[in-house]
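# Descriptive analysis of the structure
Spelled out from the first residue to the last, the chains are:
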Amino acid sequence: MSTHPECLIVLYIQNKENECKLQMNTDASLQPSNTSAGCVTEWDGVSCWPSASEGQMISVHCPLPLLKPDTPPVLITRQCTDRGWSEPSVPYYTACYYEGEEEEEDGDMGKEKNYFDTLRLIYSVGYGASLAALFIAVLLFCCFRRLLCTRNYIHLHLFASFMLRSLAVFVKDVVLFADKSTDHCTVSTLWCKAAVTFFHFCVLCNFCWLLVEGLYLQSLLLFTFSHTTKLFRVYAIIGWGTPSVTLVIWALLKNQLDDEGCWDNLESRLWWIIKIPILLSIFVNLGIFLNISRIIVQKTKATHVNQSDTRLYRTLLRSTLLLIPLFGVHYVVFALIPEHLGVGPRLYFELVLGSFQGFIVALLYCYLNGEVQKEIQRTLRRWWPNTETNAINLPTQEYVP
């Protein structure tokens, strides 16, 4: 029930073909070698015709996966002659389909192909832009060593997780969809399984580091003093350790219990091993967002807060409203909806919006970060003393102690 309808047909016919070949081998071993009268068991690509004596008529029904709803059942008959099996009395497309439905299906398939081609082009551009923007952002942070504090180290790991996610998308597309002649319903190679596993690992790492960003922002508001070194070790375990352990467990169970296809069946029960940590990340970040908003509103309304503190928390409020929705909170919309429902809106919402998420994060955390802009200005003045810069100082988290 979790298989795509087109693949369901392919797999059904493949199973029937294997059964027919087994029957053919059995008949060949039981039939004497000097007997040639009659017709042997034959597979015609859709149905298996059992052995028959000369002059005998054999009838089969249209295979159920090919039969359209409300189509009256039609028997397909073949006769065993002295020259072998005759042609089918009714072609399969006539017995299994409505008249003229073939053209309608071709039109629907063309529209579906154009839809997915457009979708793939958009998210490829998005992930490409995110990968380029994040790579430059990482170089900037690494070049300006004075920027490397606990907060920016977390940003760097978040950038790395977004870069890995973008790279994993391109790797998966190349391995699974580069060859148009590949039968994706039956392909099951080590490379495609590795590509899908790597993709799931990168996605899970990305969600875990989004969770770390939320946890770190929450800790800044709750604790005046914190052991940042010890906290960063915990964050590293959450960001990289949790996905590693989860994917190892998933891959081992997948290999033992559900080793079919390229391991890309999102409706398998084993998918919950990966989905549960993602859902936890999404809803914990949602809770952090709501809690931070509540704290900031309370602090800004307090009568004893002085003007400078008020400006500080208003700045933090603007930063929070800009950054927290990027922590995977927008995935709440489809988080608990089954994968096969709302496929069209889900694909545009998650793939298109998600593909540009890394670009937006790099823009807010790096390019519009006042600390980074000041370092760039200082470097430009060192190289060209007479150069004036007009960098926009958008407040982000640089004011957070």
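Below you will find a few notes about this structure. Computed from a predicted structure; not experimentally measured.

Moving on, we get to the overall build of the protein chain. Broken down by element type, the protein chain carries eleven helices and five strands. Relative to its full complement of 401 residues, the protein chain shows a buried share of 39%. Of the contacts formed within the protein chain by residues at least 6 apart in sequence, a portion of 70% connects residues at least 24 apart. For the protein chain, the computed accessible surface area is about 23,000 Å², with 63% contributed by carbon and sulfur atoms.

This part covers helix 5 (residues 190-222). Its 33 residues give helix 5 an end-to-end C-alpha distance of 47 Å, which sits within 8% of 48 Å, the value for a rise of 1.5 Å per residue. Within helix 5, 26 of the 33 residues are buried, which leaves it mostly tucked inside the rest of the structure.

It is worth spelling out the packing of helix 4 (residues 150-177) against helix 5 at this point. At a closest axis distance of 8 Å, the pairing of helix 4 and helix 5 adopts a crossing angle of 155°. One element, helix 4, and the other, helix 5, form an angle in the roughly antiparallel class. Regarding helix 4 and helix 5, the two cross each other, and that crossing is left-handed. Looking at side-chain class alone, the contact of helix 4 with helix 5 contains 23 nonpolar, five polar and four charged residues.

Here we come to a nonpolar patch on the surface. Together, Leu167, Val171, Val174, Val175 and Trp191 line one region of the surface with nonpolar side chains, adding up to about 490 Å² of accessible area. It is helix 4 that provides the largest number of residues to the nonpolar patch, a total of four residues. Structurally, Val175 is set in helix 4. Residue classification places Val175 among the partly exposed residues on the basis of a relative accessible area of 36%.

To continue, consider the environment of Glu19. Inspection of the secondary structure assignment puts Glu19 in helix 1 (residues 5-30). Glu19 sits in the partly exposed class, given a relative accessible area of 48%.

Take the state of the cysteines next. Taken as a whole, this structure holds three disulfides when the rule is applied. This cysteine, Cys142, is not joined by any disulfide, and Cys143 carries the nearest cysteine sulfur, 7.0 Å off. We classify Cys142 as partly exposed; its relative accessible area is 37%. There is no disulfide at Cys202, and the cysteine sulfur nearest it, in Cys205, is 6.4 Å away.

Here the focus is the pairing of strand 3 (residues 57-61). Of the two faces of strand 3, the one lined by Ile58 and Val60 is fully buried and the one lined by Met57, Ser59 and His61 carries no buried residue. When strand 3 meets strand 4 (residues 75-81), the two strands line up antiparallel, connected through five bridges. Its bridge partner being in strand 4, Met57 is matched across the sheet by Gln79.

Now for the pattern of salt bridges. All chains considered together, the criterion is met by nine salt bridges. Between Asp173 and Arg120 there is a salt bridge, with the nearest N and O atoms lying 3.8 Å from each other. With a gap of 53 residues between them, Asp173 in helix 4 and Arg120 in helix 3 (residues 101-143) connect regions that are remote in the sequence. Residue Asp173 is classed as buried on the basis of its relative accessible area of 5%. Residue classification places Arg120 among the partly exposed positions, given a relative accessible area of 28%.

All right, on to the packing of helix 4 against helix 10 (residues 357-367) then. At a minimum axis distance of 10 Å, the contact between helix 4 and helix 10 shows a crossing angle of 160°. On the basis of the axis angle, helix 4 is roughly antiparallel to helix 10. In the crossing of helix 4 with helix 10, the sense of the turn from one axis to the other is left-handed. Only Gln357, Gly358, Val361, Ala362, Tyr365 and Cys366 of helix 10 make contact with helix 4, whose side of the interface consists of His155, Leu158, Phe159 and Phe162.

What counts and how
Residues numbered from 1 in each chain as written. Predicted model: local features only at pLDDT ≥ 70, side-chain atom pairs only at ≥ 80, totals over all residues. Heavy atoms only, no water. Helix = DSSP H or I, 4+ residues; strand = E, 2+ residues; numbered from the N terminus. Buried < 20%, exposed > 50% of the residue type's maximum accessible area, 1.4 Å probe, protein only. Contact = heavy atoms within 4.5 Å. Areas by Shrake-Rupley, 256 points an atom, 1.4 Å probe, with all protein chains shown as cover. Expected span 1.5 Å × (residues − 1). Axes fitted to C-alpha atoms, helices over the stretch in contact; angles between N-to-C directions. Parallel < 35°, antiparallel > 145°, perpendicular 65-115°, else oblique. Left-handed = near helix turned anticlockwise from the far one by under 90°. Nonpolar A, V, L, I, M, F, W, Y, C, P; charged D, E, K, R; others polar. Patch = residues over 30% accessible without salt bridge, like charges linked within 9 Å, V, L, I, M, F, W, Y side chains within 5 Å. Salt bridge = Lys/Arg side-chain N within 4 Å of Asp/Glu carboxyl O. Disulfide = S-S within 2.5 Å. Pairing = 2+ DSSP bridges.

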